[in-house]
Amino acid sequence: MKNKTYCFFSILAISVLAITYGFTKPDAVKDKPEAMDCTETAKTSGESQFKPTIENKNTPPTNKTPKGMVWIPGGEFSMGSNVEDESLCSIKGITKDASPVHRVYVDGYYMDKTEVTNEQFEAFVKATGYVTLAEKKPTIEEYPNVPVENLIAGSAVFTPTPAKVDLNNYIQWWSYVGGADWRHPKGPQSSIKGKEKYPVVHIAYEDAVAYANWAGKRLPTEAEWEFAARGGKTGELYAWGNTLKPKGKFQANIYQGHFPVKDGDTGEDGFKDIAPTAQYQPNAYGLYDMGGNVWEWTNDWYSVDYYKSLSKSKKITKNPQGPDAYNDPNDPTQIKRVHRGGSFLCTDQYCTRYMVGTRGKGEVRSAANHLGFRCVKNI
Ligand SMILES: [Ca+2]
Ligand SMILES: [Ca+2]
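Residues numbered from 1 in each chain as written. Chains lettered and ligands numbered in written order. Predicted model: local features only at pLDDT ≥ 70, side-chain atom pairs only at ≥ 80, totals over all residues.

The chain goes by Formylglycine-generating enzyme family protein in an unreviewed UniProt entry, where it is assigned to Flavobacterium cheongpyeongense.

Take a look at the structure:
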């Protein structure tokens, strides 16, 4: 375990905490979840900052739509979040990187209906012989201070804890597992046999870009991702509306029960782990799993104050491509890009980043078993 932990920090320098929860850990997290003041509805700050979404009118011929994709018209919309709390349990302040809400315009594009699946990624690997980062042994040149015996190929795997734990220390429920990769999501003994329609995981940024290039597609910008996720609606909390469980029914694969305890996930939404893609209703654009299941890479650098800088101009930002450089003051040495949508590990006790306007982030060479992607394509 010592070696694993050492590798975890030294080799991958993984940003799982950043991927999942953000680094700013408030004192409130120290409370036991059952002691928290949990609500059904997220608190938002003041008057709504959202102005109506104005979709473009142009629609390309439907017979031109690439297989497995849908047309996203683009247009003008209010981007970001004014949710005050990270969770529905009064954890303060972590969503601040998604404020203020600001006005953005994006051109139209096609987007994959689902997260990229194992069978899609396998077709790419068969055609190209591509090897993902998680499958490659880290080199001594990359990590001169790490003992050679610790340089093993692998990735981060969610490992439930035997008992309740303080939620301040994410290392308790993430392990660096040698041999974990997209074909072996939980390590060498696991496989993706029969999981062709599940999202591919253990994908680093460069792996996602390589797939997209091969497929004649690209990764979405953060603005394109959010425009699509909102489905033409204005300022709603989730990709499916304003209520977490309309008519008592979950609309996404997230986490219920006590996090991150072994057998803690009750699977009330139908799945206790990762789910096949498209198991819930699509949003208004026909997109599945824009909330939950696996986090999705976007192409933008992560900068904590990017939204603030855009909103200062008071103009509508046209086709934003992200900031010129990454900037996470809590973790300044890590090169990060934006993740969106949350995952099957997001719980209302702790991380509600399945809320459509909120943001995630991850170190570009780090992967995990709750991180995948989907692509877009220009007209
Ligand atoms: Ca679930
Ligand atoms: Ca997703």
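This brings us to the sheet that holds strand 10 (residues 336-340). Strand order across the open sheet formed by four strands is 11-10-8-12, with mixed pairing between neighbours. One side of each edge strand has no neighbouring strand; the edge strands of this open sheet are strand 11 (360-363) and strand 12 (371-372). Summarising the sheet, strand 8 (residues 295-301) and strand 10 pair through three bridges and their orientation is antiparallel. Within the sheet, the bridge partner assigned to E296 lies in strand 10 and is R340. Contacts from helix 5 (residues 222-230) reach strand 8 and strand 10 within the one sheet, and its direction differs from that of strand 8 by about 135 degrees. (Pairing = 2+ DSSP bridges. Helix = DSSP H or I, 4+ residues; strand = E, 2+ residues; numbered from the N terminus. Contact = placed C-beta atoms within 7 Å. Axes fitted to C-alpha atoms, helices over the stretch in contact; angles between N-to-C directions.)

What follows deals with the sheet that holds strand 4 (residues 102-106). Here we have four strands laid out as an open sheet, ordered 1-3-4-9, and mixed in their pairing. Sheet topology places strand 1 (54-55) and strand 9 (317-318) at the edges, where each strand pairs with a single neighbour. In the sheet, strand 4 pairs with strand 9 via two bridges, with the strands oriented parallel. Among the inter-strand pairings, Y105 is bridged to a residue of strand 9, identified as K318.

With omega at 0 degrees, the peptide bond leading from S99 into P100 counts as cis. Across the junction of F259 and P260, the peptide omega takes the value -5 degrees, indicating a cis bond. Structurally, P260 is set in the loop between helix 5 and strand 8. With a phi angle near 60 degrees, D263 is a residue other than glycine that sits in the positive phi range. Mapping D263 onto the fold places it in the loop between helix 5 and strand 8. Judged by local crowding, D263 falls into the exposed class, with 9 C-beta atoms found within 10 Å. The backbone phi angle of K314 is positive, close to 65 degrees, even though this residue is not glycine. Locating K314 in the fold gives a position in the loop between helix 6 (306-312) and strand 9. (Buried ≥ 20, exposed ≤ 12 C-beta atoms within 10 Å, placed from the backbone.)

Attention now moves to helix 5. Burial of helix 5 is extensive: nine of the nine residues sit out of reach of the surface. Turning to helix 5, its buried residues number three or more, namely E222, A223, E224, W225, E226, F227, A228, A229 and R230. Directly after helix 5, the chain includes G231, whose backbone phi takes a positive value near 60 degrees.

What follows covers the pairing of strand 8. Burial of strand 8 is extensive: seven of the seven residues sit out of reach of the surface. Side chains W295, W297, N299 and W301 of strand 8 all project onto a buried face; the interleaved residues E296, T298 and D300 project onto the opposite face, where all are buried too. The pairing of strand 8 with strand 12 spans two bridges and is parallel. Looking at strand 12, one finds that E296 is bridged to G372.

As a further point, take the nonpolar core. In this structure, M111, I203, A208, A228, Y238 and A367 are the most contacted members of the largest nonpolar core, which totals 75 residues. Not counting chain neighbours up to four residues away, the residues in contact with A208 comprise I203, L219, W297 and F373. (Core = buried A, V, L, I, M, F, W, Y, C linked by C-beta atoms within 7 Å.)

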